[in-house]
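# Observations on the three-dimensional arrangement
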Amino acid sequence: MENTNQISAAGCIIVAKDTRRVLFALRNKANTKRAGWGIWGGKIENGETTIDGLRRELHEEIGKVPTALKVHPFDIYQGADSNFFYYTYVWIIPNEFTPILNDEHISYAWVNIGQWPTPLHKGVAHTLRPKKNIKKLHQMIDEAPEYPTYPCISNTFYKSSV
């Protein structure tokens, strides 16, 4: 039986290969329950795959879908009630850019891996703070091609959080 109460969302850790820095979003406190620094993404709409929903969210939140050198599944968070799932991807791009923010965010920052901005969204902190995940980010950047290739999306998540 399908769970009609299930909510899925997807987000991505955007990493510039040339600088090895991560793009963060500062949430607009007026438009969200949780202020602080986070990653890009949101709720998956009916009929969307996680990647389709993520592409839509990127276009809405930063004005474009950046060309990826490689997209890696990174983490799946499952809520305690088993009705919420958040799929995190690593979206490796050639170089940094200036996002065009919508009203969900009030600022952005490119930061070095491991030097995360504060306050960091609780869920993002859970995903990014473990040393093994920082090591995995560096490995993904090292292994990313110099130019976009097809297919650029991997299909295996690295870990699961419950």
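Anything mentioned here points back to the structure above.
## Topic: the pairing of strand β6 (residues 84-93)
- Of all 10 residues in β6, 9 are buried, a share of seventy percent or more.
- Summarising the sheet, strand β1 (residues 7-16) and β6 pair through 10 bridges and their orientation is parallel. For Cys12, the partnering residue across the bridge sits in β6 and is Tyr89.
- Here strand β5 (residues 70-78) hands over to β6 after 5 residues, with Ser82 in that stretch at a positive phi of 65 degrees.

## Some remarks on the packing of aromatic side chains
- Inspection of every chain in the model, using the stated rule, returns 5 aromatic pairs.
- Measuring from centroid to centroid gives 5.9 Å for Phe97 and Trp110, while their planes differ by 80 degrees, and the two rings are edge-to-face. Residue Phe97 is found in the loop between β6 and β7 (105-112), and its partner Trp110 is found in strand β7; the two are separated by 13 residues along the sequence.
- Look at Trp110 and you get buried, because its relative accessible area is 11%.
- Members of the aromatic cluster, joined through ring pairs, are Tyr77, Phe84 and Tyr86.
- Cation over ring: Lys64 sits above Phe97, and NZ or CZ is 4.4 Å from the ring centre.

## Comments concerning the environment of Ala10
- By the element assignment, Ala10 lies in strand β1.
- Accessibility expressed as a relative area gives 0% for Ala10, which makes it buried.
- Sequence separation of Ala10 and Gly41 is 31 residues, and the distance between their C-alpha atoms is 5.5 Å.
- Dropping the residues within four chain positions of it, Ala10 is found in contact with Trp40, Gly41, Gly42, Ile44, Thr50, Leu54, Tyr86 and Tyr87.

## Section: the pairing of β1
- Of all 10 residues that make up β1, 9 are buried, and the element is covered over most of its length.
- Looking at chain direction, β1 and strand β4 (residues 40-43) are connected through 4 bridges and run antiparallel. By the bridge assignment for β4, Ala10 is matched with Gly42.
- Two strands pair when backbone bridges link them, and β1 and strand β2 (residues 21-27) are joined in this way by 3 bridges, in the antiparallel orientation. Across the sheet, Ala16 pairs through a bridge with Arg21, a residue of β2.
- Between β1 and β2, which pair antiparallel and follow one another directly, the connecting turn spans 4 residues, one of which, Arg20, has a positive phi of 60 degrees.

## Details of the environment of Pro94
- Inspection of the secondary structure puts Pro94 in the loop between β6 and β7.
- Taking relative accessible area as the criterion, Pro94 reaches 31% and is therefore assigned partly exposed.
- Distance in space between the C-alpha atoms of Pro94 and Leu69 is 6.6 Å, their sequence separation being 25 residues.
- Among residues more than four places away in sequence, those in contact with Pro94 are Ala16, Lys17, Asp18, Thr67 and Leu69.

## Some points on the pattern of salt bridges
- Enumeration according to the criterion identifies 7 salt bridges in this entry.
- Between Glu146 and Lys17 there is a salt bridge, and its shortest N-O distance comes to 3.8 Å. You can see Glu146 sitting in the loop between α3 (131-143) and β8 (159-161) and its partner Lys17 sitting in the loop between β1 and β2, a full 129 residues away along the chain.
- Bridged by salt links that share partners, the residues Glu45, Glu48, Arg56, Glu57 and Glu60 form one connected network.

Criteria and thresholds
Residues numbered from 1 in each chain as written. Predicted model: local features only at pLDDT ≥ 70, side-chain atom pairs only at ≥ 80, totals over all residues. Heavy atoms only, no water. Buried < 20%, exposed > 50% of the residue type's maximum accessible area, 1.4 Å probe, protein only. Helix = DSSP H or I, 4+ residues; strand = E, 2+ residues; numbered from the N terminus. Pairing = 2+ DSSP bridges. Phe/Tyr/Trp six-rings, centres within 6.5 Å; stacked < 30°, edge-to-face > 60°. Lys NZ or Arg CZ within 6 Å of the ring centre and 35° of its normal. Contact = heavy atoms within 4.5 Å. Salt bridge = Lys/Arg side-chain N within 4 Å of Asp/Glu carboxyl O.

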